[in-house]
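Listed below, chain by chain, are the residues.
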Amino acid sequence: MNRDIVLISGALTTPELWKHQKPTFQFRANIHYLDVLNSDSISEMATRFITNAPPKFTLIGFSMGGFVALELMGLIPNQIEKLILVNSSARAISENGRLDRERLLDLIEKDKFDFLIKLMFKKSFINDAKRNALLPFVEHMAYQVGSDNYAKQLNAIINKPDHSALLLGIKCPTLLVASRRDRVMPNERSEHMAQLINESKLIYLEHCGHMPMLEEPELFNQKI
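Residues numbered from 1 in each chain as written. Predicted model: local features only at pLDDT ≥ 70, side-chain atom pairs only at ≥ 80, totals over all residues. Heavy atoms only, no water.

**Quick notes on unusual backbone geometry**
Stated precisely, the cut-off is as follows: Numbering goes from the N terminus for both helices and strands, where a helix is a DSSP run of H or I of at least four residues and a strand is a run of E of at least two. Buried residues are those whose accessible area, probed at 1.4 Å on protein chains only, stays under 20% of the maximum for their type, while exposed residues exceed 50% and partly exposed ones sit between those limits.
Of note, asparagine 38 is a non-glycine position whose phi angle comes to about 60 degrees, a positive value. By the element assignment, asparagine 38 lies in the loop between β2 (29-33) and α2 (42-47). One non-glycine residue, serine 63, lies in positive phi territory at about 55 degrees. Note that serine 63 resides in the loop between β3 (57-62) and α3 (64-75). By relative accessible area, which is 11% here, serine 63 ends up buried.

Below, the structure written as structure tokens:
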């Protein structure tokens, strides 16, 4: 019998983010995608998925998707058999992080979504050639999300709960993936989770940025 895998994308991305993982997963698992659109609350994103959640599943969350994954871990821990968090965090957003996102909200208010997209994805990749090749694809995802949904996601991130205390109660095997050269999510956020989750393993990907599933898909698939 196939197992179930639930994938949670980050802000400004769609389930297409996992296009290089789908061929690997679909032969061994039923794939489910958690919807991170049309909500300005991490808690609501998680809660509305519960009725559709498989009885037992592996949960994989990227960046903001990891925030949602931890919220689910607090709500239905007995259904989650394995947890994978990619360039994510349990802590509440820092003051600098809040200010950065408020600046992005200001750009949206000023109808500068096109500029915002180029700004965000410029920091997401390390390899220039790969960045140039991937930009049309990630921009396509961003326009599918749209400025209204991205504003809601930014507000959800600004108001995200601190899940640090929850980490101590996680019992399932947990893999934490951190890109060593991530310029979006500091590595110390993954290190903080590794210190508090008892059954966790932290691995570093040395030569990619915030989106390893796109920049180094073969290595990423091998590790997870």
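**Things to note about the side chain of arginine 131**
To keep it simple, the criterion reads: Throughout this description, a polar contact denotes any pair of N or O atoms lying within 3.5 Å of each other; where both atoms belong to protein, one of them has to be capable of donating a hydrogen while the other can accept it, and for residues adjacent in sequence the pair is counted only when both atoms sit in side chains. For this analysis, residues touch if any pair of their heavy atoms sits within 4.5 Å.
Looking at the secondary structure, you find arginine 131 in helix α6 (residues 128-158). Since its relative accessible area comes to 12%, arginine 131 is described here as buried. In this structure the side chain of arginine 131 is engaged in a polar contact, spanning 3.3 Å, whose partner is the backbone oxygen of lysine 122. A polar side-chain atom of arginine 131 sits 2.7 Å from the main-chain carbonyl oxygen of phenylalanine 125. The residues contacting arginine 131, other than those within four sequence positions of it, are Phe121, Lys122, Phe125, Ile126 and Arg183.

**What about the packing of aromatic side chains?**
In plain terms, the rule: Each Phe, Tyr or Trp ring (for Trp, its six-membered ring) is paired with any other whose centre lies within 6.5 Å, and the angle between the two planes then decides the class: stacked below 30 degrees, edge-to-face above 60, tilted in between. Charge over a ring is defined by NZ of Lys or CZ of Arg lying within 6 Å of the ring centre and within 35 degrees of the ring normal.
All chains considered together, the criterion is met by 2 aromatic pairs. With a centroid separation of 6.5 Å and 85 degrees between ring planes, the pair formed by phenylalanine 49 and phenylalanine 57 is classed as edge-to-face. Taking the relative accessible area as the measure of exposure, phenylalanine 57 reaches 0% and is therefore buried. Across the ring face of phenylalanine 137, the terminal group of lysine 19 is positioned such that the distance to the ring centre comes to 3.9 Å. One Lys or Arg, lysine 160, reaches over the ring of phenylalanine 67 and ends 4.7 Å from the middle of that ring.

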